[in-house]
Amino acid sequence: MARRRVTETEADDVPRFFVWVRGLDGPEPQKWIAMDFGIGDWKRPQVLAWIELPEDERHLSLSMLMRRYPPPREEAS
């Protein structure tokens, strides 16, 4: 299948960050378009770790990213 060029508008919709968030059963992976969790926002305490994805990794699936960037170790309470 031929790859088509991504337009500037579409490029803005590509997830740019791989994020580990606090889930009910431990860390859960997510892909975010923007890191728009400001100070005092409800998302901030839920974020355990994040990495800005290089352009060549933005298309990868969550399972591929999970293998490359394992979840952070949670501290015992």
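Everything discussed here concerns the structure shown above.
Next up on the list: the sheet that holds strand E2 (residues 26-32). Adjacent strands of a sheet form backbone hydrogen bonds with each other and so pair up, either parallel or antiparallel. Strand order in the open sheet formed by three strands is E2-E1-E3, and the pairing between neighbours is antiparallel. Two strands bound the open sheet, and with one partner strand each, they are E2 and strand E3 (47-52). Each adjacent strand pair in this sheet contributes to an overall mean axis angle of 20°, direction not counted. Pairing of strand E1 (residues 17-23) with E2 involves seven bridges; the strand directions are antiparallel. Each bridged residue has a counterpart across the sheet, and for Arg22 the counterpart in E2 is Pro27.

Rules of the game
- Residues numbered from 1 in each chain as written.
- Predicted model: local features only at pLDDT ≥ 70, side-chain atom pairs only at ≥ 80, totals over all residues.
- Heavy atoms only, no water.
- Pairing = 2+ DSSP bridges.
- Helix = DSSP H or I, 4+ residues; strand = E, 2+ residues; numbered from the N terminus.
- Axes fitted to C-alpha atoms, helices over the stretch in contact; angles between N-to-C directions.

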